[in-house]
Amino acid sequence: MKKINNMINKNLLPIIFLSFVVIVVSLFSMTSLKNKTPMLENLTEIKDDQKGEIITFSWENIEKPVLVITASEEVSIGAIDLYIGYKNVEITGVTNLGELPEPAFSKVSQDNSLVVLNYLISEDDGFKILPGQSVRVVELDISSQVDQGYELFIDQETNVVDNETVKGLTYKSENLIINSILE
Amino acid sequence: MKKTTIPLLILLIVTLFGGLMLVKQNQDTRKGASFANTALKLIPNTTIERRVDEIVPVKVYYYTESGAKVDGVQTEVCWGSHLSLDESGVVVNTANGFNSSPIVVINDNCATLVATSQQAADKLKTTGEVFALKFRALSEGQGPITIKKESSMVTGDNSASAIDKEIAVTAVENTTYKITGSSETCETDADCPSGYECYQPICSPGENCLDVILPKYCRPIVSQNCTRCSTVFKYMRVSWNATDCSKDPISTSSSAEIEVSRTYDAGCITGNDPLQCSRCSKTNDNQYVWWLREANKTCDDDPVASQTIYRAFRDECSLSTGEWPVLNYKVQYAFVKPDYSKCFVPSDWPLQVTVLSGGMTKTYKDVVPTKINRSGDFVTAEGSLLLEGFDKTTNIAVFMKGPKHLQMKYAVNKQGGRYNKAGGELTLTKFVETSPVYDFTAYPILSGDVVGKNSNNPDGVVDGYDWTEVKKWAKVLETVEDGGYIKSDLDGSCQVNSNDLYQLRKTLEEKQGELY
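Residues numbered from 1 in each chain as written. Chains lettered and ligands numbered in written order. Predicted model: local features only at pLDDT ≥ 70, side-chain atom pairs only at ≥ 80, totals over all residues.

### Regarding the overall build of chain A
Helix and strand content of chain A: one helix and twelve strands. Secondary structure elements of chain A, listed N to C terminal, follow the sequence α-β-β-β-β-β-β-β-β-β-β-β-β. In chain A, which comprises 183 residues, the proportion classed as buried is 26%. (Helix = DSSP H or I, 4+ residues; strand = E, 2+ residues; numbered from the N terminus. Buried ≥ 20, exposed ≤ 12 C-beta atoms within 10 Å, placed from the backbone.)

### Examining the overall build of chain B
If you tally the helices and strands in chain B, you get three helices and 29 strands. Here chain B holds 516 residues, and the buried ones make up 35% of them. At a minimum sequence separation of 6, the contacts of chain B that also span at least 24 residues come to 70%. (Contact = placed C-beta atoms within 7 Å.)

### Description of the interface of chain B and chain A
Each partner contributes residues to the interface: chain B has 21 residues there, and chain A has 22 residues. Top contributing element to the side of chain B that touches chain A by residue count: helix H2 (residues 464-475) of chain B, with eight residues. Partitioned by chemical class, the residues of the side of chain B that touches chain A number six nonpolar, six polar and nine charged. (Nonpolar A, V, L, I, M, F, W, Y, C, P; charged D, E, K, R; others polar.)

### Some thoughts on H2(B)
Taking 1.5 Å as the rise per residue, H2(B) with twelve residues should run 16 Å; its terminal C-alpha atoms sit 16 Å apart, in good agreement. With ten of twelve residues buried, H2(B) lies mostly within the body of the structure. Buried within H2(B) we find B:Gly464, B:Tyr465, B:Asp466, B:Trp467, B:Thr468, B:Glu469, B:Val470, B:Lys471, B:Trp473 and B:Ala474. For H2(B), the elements touching its buried residues are strand S4 (75-87), strand S7 (114-120) and strand S11 (159-162) of chain A together with helix H3 (498-515) of chain B. (Expected span 1.5 Å × (residues − 1).)

### Overview of the sheet that holds strand S16 (residues 224-229) of chain B
All names here are of chain B. Pairing is antiparallel across the open sheet formed by three strands, whose spatial order is S16-S17-S18. Of all the strands in the sheet, just S16 and strand S18 (261-264) have a single pairing partner and so form its edges. Put simply, the sheet's adjacent strands are angled 25° from each other on average, direction ignored. As paired elements, strand S17 (residues 236-242) and S18 share four bridges and run antiparallel to each other. Paired with Met236 across the strands is Tyr264, a residue of S18. (Pairing = 2+ DSSP bridges. Axes fitted to C-alpha atoms, helices over the stretch in contact; angles between N-to-C directions.)

### Topic: the sheet that holds strand S27 (residues 397-401) of chain B
Residue and element names in this part refer to chain B. Judged by pairing direction, the sheet is antiparallel, and its four strands sit side by side in the order S24-S23-S27-S28 without closing on themselves. Lying at the two open borders of the sheet, with one neighbouring strand each, are strand S24 (360-367) and strand S28 (408-410). When the angles between neighbouring strand axes are averaged without regard to direction, this sheet yields 20°. For strand S23 (residues 351-357) and S24, the ladder comprises six bridges, and the chain directions are antiparallel. Paired with Leu356 across the two strands is Thr361, which belongs to S24.

### Notes on the nonpolar core
Note on soluble globular proteins: their nonpolar side chains tend to be buried together. Among the nonpolar cores identified, the biggest contains 94 residues, and A:Ile77, B:Leu385 and B:Val398 are the most heavily contacted of them. Ranked by the residues each element gives to this core, the list is headed by S4(A), at seven residues. Formed by 40 residues, the second largest nonpolar core is a distinct cluster that contains B:Phe98, B:Phe131, B:Leu133 and B:Ile167. (Core = buried A, V, L, I, M, F, W, Y, C linked by C-beta atoms within 7 Å.)

### Some thoughts on the environment of B:Leu426
Residue and element names in this part refer to chain B. Within the fold, Leu426 resides in the loop between S28 and strand S29 (437-439). As for Leu426 and Thr394, which are separated by 32 residues in sequence, their C-alpha atoms are 6.1 Å apart. Aside from chain neighbours lying at most four places away, what touches Leu426 is Ile396, Ala397, Val398, Ala411 and Tyr438.

### Description of the pairing of strand S9 (residues 134-142) of chain A
All names here are of chain A. Where strand S3 (residues 65-71) lies against S9, five bridges are found, and the strand directions are antiparallel. Bridge pairing links Val66 to Glu139 in S9. In terms of strand pairing, strand S5 (residues 91-96) meets S9 through five bridges, oriented antiparallel. Across the sheet, the residue bridging to Ile91 is Ile142, located in S9.

### Topic: the environment of B:Leu477
Residues and elements named next belong to chain B. Tracing the backbone through its elements, the reader meets Leu477 in the loop between H2 and H3. Expressed as a C-alpha distance, the spacing of Leu477 and Ser498, which sit 21 residues apart in the sequence, is 8.9 Å. Excluding anything up to four places from it in sequence, Leu477 contacts Ile43, Gln495, Val496 and Asn497.

### A look at the confidence of the model for chain A
Summing up the model confidence of chain A, the mean pLDDT is 80 and the portion of residues at 70 or higher is 68%. In the predicted structure, residues 28-43 of chain A sits below a pLDDT of 50 and forms 18 contacts with residues beyond four places in sequence or in another chain. (pLDDT = per-residue confidence, 0-100.)

### Quick notes on unusual backbone geometry
Residue and element names in this part refer to chain B. Across the junction of Ile43 and Pro44, the peptide omega takes the value 5°, indicating a cis bond. Its place among the elements puts Pro44 in the loop between strand S1 (36-43) and strand S2 (48-51). A positive phi angle, near 60°, is found at Asp366, a position not held by glycine. Note that Asp366 resides in strand S24. Positive phi outside glycine occurs at Lys414, with the angle close to 55°. Mapped onto the elements of the fold, Lys414 is located in the loop between S28 and S29. Classification of Lys414 by C-beta neighbours within 10 Å gives exposed; the count is 12.

### What about the pairing of strand S10 (residues 150-154) of chain A?
Residues and elements named next belong to chain A. Only one face of S10 is covered, namely the face carrying Tyr150, Leu152 and Ile154; the face carrying Glu151 and Phe153 is uncovered. Bridge count between S4 and S10: four bridges; the pairing is antiparallel. The partner of Tyr86 across the bridge, within S10, is Leu152. Where S10 meets strand S12 (residues 171-178), three bridges bridge the pair, whose relative direction is antiparallel. Residue pairing across strands places Glu151 opposite Ile177, the latter belonging to S12.

### Things to note about the confidence of the model for chain B
Residues and elements named next belong to chain B. Across chain B, the average pLDDT comes to 86, with 89% of residues at 70 or higher. Residue range residues 23-32 is modelled with pLDDT below 50. Its contacts to residues more than four positions away, or to other chains, number one contact. Scoring of the predicted complex yields 0.60 for pTM and 0.76 for ipTM.

### What to know about the packing of H2(B) against H3(B)
A pair of packed helices is captured by two measures, namely the crossing angle of their axes and the spacing between those axes. Residue and element names in this part refer to chain B. Here H2 crosses H3 at 170°, and the two axes come no closer than 9 Å. What the angle tells us is that H2 and H3 run roughly antiparallel. Of the residues in H3, those in contact with Asp466, Trp467, Val470, Lys471 and Ala474 of H2 are Ser498, Asp500, Leu501 and Leu504. (Parallel < 35°, antiparallel > 145°, perpendicular 65-115°, else oblique.)

What follows is the structure, given as structure tokens:
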């Protein structure tokens, strides 16, 4: 019995360690496989870098492009008319990430090369964003048939409406520019 | 085995059982739990001041969170001995999807009220009125009108479960009343304030009055129909409701609250304002118009849009001159329902009509439909417009918009949706009688354009600015008297509420769907 215990103690730890290494390596491999088309170069540029904008639209681009809103001061949003323009790519789907309520209208307009989302906030006090808080808005599905680089940007029709004053909140936005694709 | 192995095994087994128990407990508490919260409120929430015998109106509203739509409300409302309520004084709001026959059980000074709905979820609301109560003031005094939270229950449409429909009533808001008047004894009407009369109470048969003559007291005079010829305009008869017809409804300080209707009366020749002008309308068929000209103008000059123009039906005012084409139209202002549109007054909701044909366009402002039909599911409006200065009669397209509406294009009769081609297919004649009546009611004039981008004026689109503006007024349930006007009241119900927000959302969905 003691022998068996010693054997277990001797062998169990290396086996557990080995299993852990195998799991980590497998997960890493799966992630790499999913990103079969990783971005070789992922450049963003500030479209409008004037001082004093309260809202910033930016992009996270890990597996799919995700639009993120941040605010430089506490704001209460009554509505967002969001128009995302795109070039050299086909948007096959748009997923609301649930941090904002479901949009009243959501459509990928291939004719206009726009993703249109109208967020109408029902709560009396609007949707609050605190300084530094990031709100992940939507995730875009990009067609795998992308040969060249592509670009995503916030169209100037976009409105972010302050819940109290019913005036537009100033915003700046980053363009997501993908230059080429890794095969 | 090591010394620590057995305690470790026991710990693992205990943890496993603990986890299983927690999972089960979580499932048990979830079953039957409420899926959203709501508040029941009595509106107005300020003290309601009335005199004896007057009606004390109170409404019960629900304000539900998380977008949960309400399909059932049960509540108990209680009040003081100065008020009375009977079943006829309870009206359920069918516009919010509830059945028109509520259950009403009145015991002493409390009433249990139940409203239910069999409507689909899209007809239900998250916030709105459920009951309108009309108490009668019996005697002088003051007290609260309260909602019993523990006796209240709300249910709603839960997309996640057909069983868990309960919405928790997390808050109630009560109101108070103050009744005056009964102690003001009097001998004659002169002892009473304006609008009141000295009343001798009569002992009803069966009532134990012990042969005592009850003291007289002041009570409100029931309003009556008043009418007279205008002192400003010739041929104008004015009518209004008031307790005292000797008081001029137009010159009194409260004139803004008195609804005055005007009709054409050839026998009325008392109007003597030197600036008065009147004639048959040049644009609207069967319509007579009055206005006060500016000092540097004559009555041959047309009134400008900013001037107040009074209108009345007159059969003799026909547009059939034979010189210009006539557009006979029938339209529907979106969502305006017959039973809930006391504030849909056509002259306050004038149309702007633009006609187009063969490269020629002409716009007519302040076009007021003359016939209103309230017999269907939605109110429809008809009129005839003389297209003065527009000499085309074929291939015509018509663009119409209201004061808080989007511009709609009409190009064929009985058009049911967007017309996706250039130009139009309408044909007109130059006589009211022979020009076809074009029915555009299947494609209603969409509303919701109340403000613009950083502007208080409509900008031709319905977007987040309009939503936030309407929501601002819906939050406080902005209300006007019957016949009044609020820009954000999209359905003419005299109140800005969740119906208007729903309507604006539908407009945005439809218009964005067309554009994108």
